[in-house]
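Given next are the chains, with one letter for each unit.
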Amino acid sequence: MLNQLLWLLLSGYLNLGLAVGLTCGALLLLRPLLKRVLSPRQRLLLWMTAWLSAYVPQWYQILSWPHVLPVTFRDLITPRTMENLSFDRVPAYFPDCQGEQQINLALPGGAYLPVTLEPWMVTLAGAVLLGGVVLLTLYFSRRSEGIKAQASQGRLLDWDGPELKPFYGLKPAGDYVLVRLCKGLPTSFVYQKAEKLDGIKYNMIYLQEELPPERMGMVLRHELNHLKRNHTWMKGIITCGLVLHWWNPLIWLAYKYTCLDLEMDCDRFTLEQLSPQNCREYAKTLVELGAGRQLWDVPLAFGESDGAVRVKALLAWRPRSIPFRVLQWAAFVLVLLFFLGGPWRAVLPQDVELDLEGNFGSTAAFVQQDQQLQHERGTFPEDVTIQEGWRRIAENGTVYQTYRLSDGRWGESTWLRIGGHPWYCADWSWTSGPPDPAQYQFCYPAA
């Protein structure tokens, strides 16, 4: 029982990680096109729809409801959906059913791979995945606390002082923000709720003391804009997603490029506030300071890696006209709709076959039970028997059995299984003739 519960939780976790990883992979493949068509802010919104789904199945479920386009990305990557956890729109590459020894590993496109699942495999996989989450959490926490401890030794600046007063109007309304000037920092960065002073937790901006005054002003403006654009909580969300799904290499790549789009969005927002002359100064500042190593923990830093990419984007930036922005948002909505909407209660036919075999023993035993049931219901007399049978499995898992009877008539029984309940015959209907071979497969008697 404990092993079945562990498998139920583990399969749901793996399914979500694989689905989000495939979404991130598609965004990475489309990135060359999206960079030309969409703004950094719009690309960031696309990233966040994937990242929020990484550890909130309900969010994945909600985003699968609006099915506007005829075919969506989620349609393409969902061979079947989960069942026992009530997330019937979340892909189920691993089945969430009871953790039996024989399972079908589903692949995008409808292919499948029969796998024998032993109890020790479930325990080992759970230990490895949980161990990775714990170790990465400890690593990020230690790195985070270390850089905060170093930065908290810096000198606290006064917003009414000469260094900060010109930038007071940029401070996000209602936010508690403080600035420290620190020696020896690898880069300047912003940290959400980093220090508690007088019972209040403050968002902290840590600036390198070695910066020249003109450069310090540009960096401070950049870090304040991170707060105004809500990048701090976005960075926290994607970091949690990375820790949770550390085993998926596509998640690591998505983390890298989401961080880059965070910085490019902040760069774009900052440029819109500057004069042409100051835009050139901002680009020079980025050239000088943007070649540092990337901080993979929580802070949002001015000196992130990929400085060359950001400088190139800065040089190519031009103010856009209103018609261009309207077309850009229309393109964004179209791309977003492609990544929304998915199938509901999709099943893998081979799972149904496996389930029928597990419940009835064989196709012949299933047909004989169906025949006996119809005799008891009075559908046809006891001297009339089933001579041959054809099977169709619908997308929702309903089984349609079409039979040729010994008196020459054709009829069809409908079998359902809802949730974990047993199979039951819901209906019998008479048909005019043999079934369509394109939809039905011959199943009885066995060849």
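Residues numbered from 1 in each chain as written. Predicted model: local features only at pLDDT ≥ 70, side-chain atom pairs only at ≥ 80, totals over all residues. Heavy atoms only, no water.

A. Expanded view of the sheet that holds strand β9 (residues 399-405). Read from one edge of the open sheet, 5 strands run β11-β10-β9-β8-β12, paired in antiparallel fashion. The open sheet terminates on both sides in strands that have one partner only, identified here as β11 (424-431) and β12 (441-444). Each neighbouring strand pair of the sheet contributes to a mean axis angle of 30°, computed without reference to strand direction. Against the sheet, helix α12 (residues 349-360) engages β8 (386-393), β9 and β10 (410-416), with an angle of about 135° to β8. Helix α13 (residues 363-377) rests against β8, β9, β10, β11 and β12 of the sheet, and its axis sits at about 75° to β9. (Pairing = 2+ DSSP bridges. Helix = DSSP H or I, 4+ residues; strand = E, 2+ residues; numbered from the N terminus. Axes fitted to C-alpha atoms, helices over the stretch in contact; angles between N-to-C directions. Contact = heavy atoms within 4.5 Å.)

B. Examining the pairing of strand β6 (residues 200-208) more closely. Of all 9 residues in β6, 7 are buried; the element is thus mostly enclosed. In terms of strand pairing, strand β4 (residues 177-182) meets β6 through 6 bridges, oriented parallel. Opposite Cys182, over in β6, you have Gln208 as the bridge partner. Between strand β5 (residues 189-197) and the antiparallel strand that follows it, β6, lie 2 residues; Asp198 among them carries a positive phi value of about 55°. (Buried < 20%, exposed > 50% of the residue type's maximum accessible area, 1.4 Å probe, protein only.)

C. Molecular detail of the packing of helix α5 (residues 119-151) against helix α7 (residues 231-244). Relative to each other, α5 and α7 sit at 140°, their axes nearing to 8 Å. One element, α5, and the other, α7, form an angle in the oblique class. From α5, Val133, Leu136, Thr137 and Phe140 reach across to α7, where they touch Thr239, Leu242, Val243 and Leu244. When its residues are assigned to classes, the contact of α5 with α7 shows 6 nonpolar, 2 polar and no charged. (Parallel < 35°, antiparallel > 145°, perpendicular 65-115°, else oblique. Nonpolar A, V, L, I, M, F, W, Y, C, P; charged D, E, K, R; others polar.)

D. Local environment of the packing of aromatic side chains. Scanning the model with the defined rule gives 17 aromatic pairs in all. Considering the side-chain rings of Phe189 and Tyr206, the 5.2 Å spacing of their centres and the 50° angle between planes classify their relative orientation as tilted. Placement of the pair is Phe189 in strand β5 and Tyr206 in strand β6, with a sequence separation of 17 residues. Overall, Phe189 belongs to the buried group, its relative accessible area being 0%. Between Phe360 and Trp415, the aromatic rings sit 5.9 Å apart at their centres with planes inclined by 85°, giving edge-to-face as the arrangement. A residue pair is termed long-range when its members are at least 10 positions apart, and Phe360 in helix α12 and Trp415 in strand β10 qualify at 55 residues. With relative accessibility at 14%, the residue Phe360 sits in the buried group. Owing to a relative accessible area of 2%, Trp415 belongs among the buried residues under this scheme. Three or more aromatic residues link up through ring pairs in this structure, and these residues are Phe380, Tyr403, Trp428 and Trp430. Across the ring face of Tyr60, the terminal group of Arg74 is positioned such that the distance to the ring centre comes to 3.8 Å. Taking NZ or CZ as reference, Lys171 lies 5.9 Å from the ring centre of Trp159, over its face. (Phe/Tyr/Trp six-rings, centres within 6.5 Å; stacked < 30°, edge-to-face > 60°. Lys NZ or Arg CZ within 6 Å of the ring centre and 35° of its normal.)

E. Highlighting the nonpolar core. Core analysis: the largest hydrophobic core is formed by 52 residues, its most contacted members being Leu10, Cys24, Leu46, Trp47, Trp51 and Ile238. Broken down by secondary-structure element, the contributors of at least two residues to this core are α1 (2-37), α2 (40-53), α3 (57-63), α4 (73-77), α5, α7, α8 (249-271) and α11 (322-338). Looking at which element gives the most residues to this core, the answer is α1, with 12 residues. For Trp51, the residues in contact, after removing those within four places along its chain, are Ile237, Ile238, Gly241, Leu242, Ile251, Ala254, Tyr255 and Thr258. In terms of nonpolar packing, the next biggest core, distinct from the first, is built from 18 residues, Phe366, Phe380, Ile386 and Leu405 among them. (Core = buried A, V, L, I, M, F, W, Y, C linked by side-chain atoms within 4.5 Å.)

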